Amino acid sequence: MRYISLLPSVVIVNGKSKSAVFNMDAGMYDSIPSSWGLFLTSVSQQRSIAIDIFTEEALLYSIDPLEMREFLLFNNLAIESDFSIPFQNTTLSNWDIPFEFESLIVDANTENDSLKFIELLPNFRLSRFTQVRLFFKSSLLHLRQVIAKLVAKGYFNIEFIVNYSNNEQLSNYLKLLDDYPFHLSKIILMGAERDEMCGKRMVLNKKVLSNCSACGIISENLLSINIETYAKYLRGNTCLWKKISVSSNGDVKHCPSMSFSYGRLGEIDFLDVKKDSRYKLFSEIKKSEIPICCDCEYRVFCTDCRCYIVNPLDIYSKPRKCRYSPY
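These notes cover the structure that comes with them.

Observations regarding helix α7 (residues 227-235)
Inspection of α7 places T229, Y230, A231, K232 and Y233 among the buried residues, and these make up the whole buried set. Contacts made by the buried residues of α7 are with β2 (10-14) and β7 (101-108). Where α7 begins, the capping side chain belongs to N226, and its oxygen is found 3.1 Å from the backbone nitrogen of E228.

What follows is the structure, given as structure tokens:
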């Protein structure tokens, strides 16, 4: 007897008008007809199913079983074998990370502010991932001062988003990455002459970074298809879960674009922020609770901005910068 087994990295999401199948290992996805999505959802409960049963059930959904098998095997979503493989359905409802926060964002308008804000951060690694966004043309010397202060406090996995300084050679930015191979994960240079990837750790972008208003963009090409996004989707909000930030005016916020803050940097304890009822509320808003988003086949691996929404008076409103309709 032959069996077909869906890989454990495969997630099927059914939307209002169509479905999607995601491979978290490969970071890939395909849009599929609703009938396919409903059938694969049924099959995924078993993960490993005999070919004859697979064929019978496919026909019940008016699906060509051979076409379906070829689709799954060609796209590395399943394997065929002479035995049943005991793949388990992914259970991540209790997934967590060993840090107080997953991401920390620090924004600044001037060199003095950026150094002052970094100095006022806790003297321990507060987050798994740290992003520094500078809304001015920073010199390489200043970037080195910033990262030196962060490293001294024990921070790793740091990303710079800064405006490109025309006085600097690109090779100097690459040298900075080479000098901090374990601490500095990426440099994104805004206001560059072209859009380009320079190796794996430096990105050139023609847009100029002037404030945090560029946040909240929702797009199909920005889907983050991996097991961590899936876990965050199950836990709560895919953008705000365990996020903390310092805005360019020194306020501690959930996200820099939030309309309210929890207090001033240096005057409050970051760990107290997590106890705030507002922090808990926004961290746990799920796509399934948001009209329109709950019907979208991309919802599991999409970000969810709660700052820029269609109706600012309704925290469950659809993201304003999403132009997609699942209908």
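Topic: the sheet that holds strand β3 (residues 19-23)
Here 3 strands make up an open sheet; going across it, the order is β2-β3-β4 and the pairing antiparallel. Single-partner strands in this sheet number two, and they are β2 and β4 (28-32). Each adjacent strand pair in this sheet contributes to an overall mean axis angle of 15°, direction not counted. As paired strands, β2 and β3 are joined by 5 bridges and run antiparallel to one another.

Side note on the pattern of salt bridges
Under the criterion given, the structure shown has 20 salt bridges. Here R2 makes a salt bridge to D82, at a shortest N to O gap of 2.8 Å. Taken together, the positions of R2 in the segment before β1 (3-6) and D82 in the loop between β6 (78-81) and β7 put the pair 80 residues apart, joining distant regions of the chain. Note on D82: relative accessible area 53%, which makes it exposed. Ionic pairing is found between R264 and D251, a salt bridge with its closest N-O pair at 3.2 Å. Here R264, found in strand β15 (residues 263-264), pairs with D251, found in strand β14 (residues 251-253); they are 13 residues apart in sequence, far enough to count as distant. Note on R264: relative accessible area 37%, which makes it partly exposed. Look at D251 and you get buried, because its relative accessible area is 13%.

Definitions and cut-offs
Residues numbered from 1 in each chain as written. Predicted model: local features only at pLDDT ≥ 70, side-chain atom pairs only at ≥ 80, totals over all residues. Heavy atoms only, no water. Buried < 20%, exposed > 50% of the residue type's maximum accessible area, 1.4 Å probe, protein only. Helix = DSSP H or I, 4+ residues; strand = E, 2+ residues; numbered from the N terminus. Contact = heavy atoms within 4.5 Å. Polar contact = N/O pair within 3.5 Å; in protein donor to acceptor, adjacent residues only side chain to side chain. Pairing = 2+ DSSP bridges. Axes fitted to C-alpha atoms, helices over the stretch in contact; angles between N-to-C directions. Salt bridge = Lys/Arg side-chain N within 4 Å of Asp/Glu carboxyl O.

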